[in-house]
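Geometric and topological summary
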Amino acid sequence: QVQLMESGGGSVQPGGSLRLSCAASGTISNIYAMRWYRQAPGKQRELVAQWNTGGGTYYDDDSLKARFTISRDNTKNTVYLQMNSLKPEDTAVYLCNFFLRQVAGGIPADYWGQGTQVTVSS
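We now turn to the structure provided with this report. (Residues numbered from 1 in each chain as written. Predicted model: local features only at pLDDT ≥ 70, side-chain atom pairs only at ≥ 80, totals over all residues. Heavy atoms only, no water.)

Remarks on the sheet that holds strand S3 (residues 18–25)
In sheet architecture, strand pairing relies on hydrogen bonds along the backbone and comes in two forms, parallel and antiparallel. Spatially, the 4 strands line up as an open sheet ordered S1-S3-S8-S7, and their pairing is antiparallel. Each edge of the open sheet is held by one strand with a lone partner, namely strand S1 (3–7) and strand S7 (68–73). If you compare each strand with its neighbour and ignore which way they point, the axes differ by 15° on average. The sheet contact formed by S3 and strand S8 (residues 78–83) spans 6 bridges and is antiparallel. The residue of S8 that forms the bridge with Ala23 is Thr78. (Pairing = 2+ DSSP bridges. Helix = DSSP H or I, 4+ residues; strand = E, 2+ residues; numbered from the N terminus. Axes fitted to C-alpha atoms, helices over the stretch in contact; angles between N-to-C directions.)

What follows is the structure, encoded as structure tokens:
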């Protein structure tokens, strides 16, 4: 079984920065996509940023593109989200998602982290 463990959330003042990490453990053959989502209270889950085998991409939001950076360490099966110039509206639970294949010839599937809270408030 694959487990995703997130870390790096917390409380920060507006304008501050946080770096989220999400590490996958277990049997993994190929990772095809790594994504960060967020869900604020009363709102739908939204895609923040993603990397896939076609190249690094971001959700089509200019504000996020300017402030957030997704990166990865393939040797550690880890994806990061550097978040700068944080705003109160960035407050949400941030969840990582991997689309991967556990064993060669197996069927790829989605795996989710448990989520980490990010709170931006003065």
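Points about the side chain of Asn97
Mapped onto the secondary structure, Asn97 falls in strand S9 (residues 92–101). What makes Asn97 buried here is its relative accessible area of 1%. Among the polar contacts listed, one links the side chain of Asn97 to the side chain of Asp110, at a separation of 3.2 Å. The residues touching Asn97, leaving out its near neighbours within four places in the chain, are Leu4, Ala33, Met34, Arg35, Tyr37, Asp110, Tyr111 and Trp112. (Buried < 20%, exposed > 50% of the residue type's maximum accessible area, 1.4 Å probe, protein only. Polar contact = N/O pair within 3.5 Å; in protein donor to acceptor, adjacent residues only side chain to side chain. Contact = heavy atoms within 4.5 Å.)

Comments concerning the state of the cysteines
Using the criterion set out here, one finds 1 disulfide in the structure. Through a disulfide, Cys22 is tied to Cys96; the S-S separation comes to 2.0 Å. Since a negative S-S torsion denotes a left-handed disulfide, the Cys22-Cys96 link at about 55° is right-handed. In this pair, Cys22 is assigned in strand S3 and Cys96 in strand S9, connecting sequence segments 74 residues apart. With respect to burial, Cys22 and Cys96 carry one shared label: buried. (Disulfide = S-S within 2.5 Å.)

Here we look at the pairing of strand S11 (residues 116–120)
Burial along S11 is one-sided: the residues Thr116, Val118 and Val120 are buried and none of Gln117 and Thr119 is. Note: strand S2 (residues 10–12) against S11, 3 bridges, orientation parallel. Within S11, the position partnered with Ser11 by the bridge is Thr119. Across 3 bridges, the pairing between S9 and S11 is antiparallel. Residue pairing across strands places Val93 opposite Gln117, the latter belonging to S11.

Observations concerning the nonpolar core
Residues Trp36, Leu81, Met83, Tyr94 and Phe98 are the most contacted members of the largest nonpolar core, which totals 29 residues. Breaking this core down by element, the ones donating at least two residues are S3, strand S4 (30–39), strand S5 (46–52), S7, S8, S9 and S11. (Core = buried A, V, L, I, M, F, W, Y, C linked by side-chain atoms within 4.5 Å.)

Concerning the side chain of Thr78
Structurally, the position occupied by Thr78 is in strand S8. Here Lys76 takes part through its backbone oxygen, which lies 2.9 Å from a polar atom of the side chain of Thr78. Once residues within four sequence positions are removed from consideration, Thr78 is found in contact with Cys22, Ala23, Met34, Ser71, Arg72 and Asp73.

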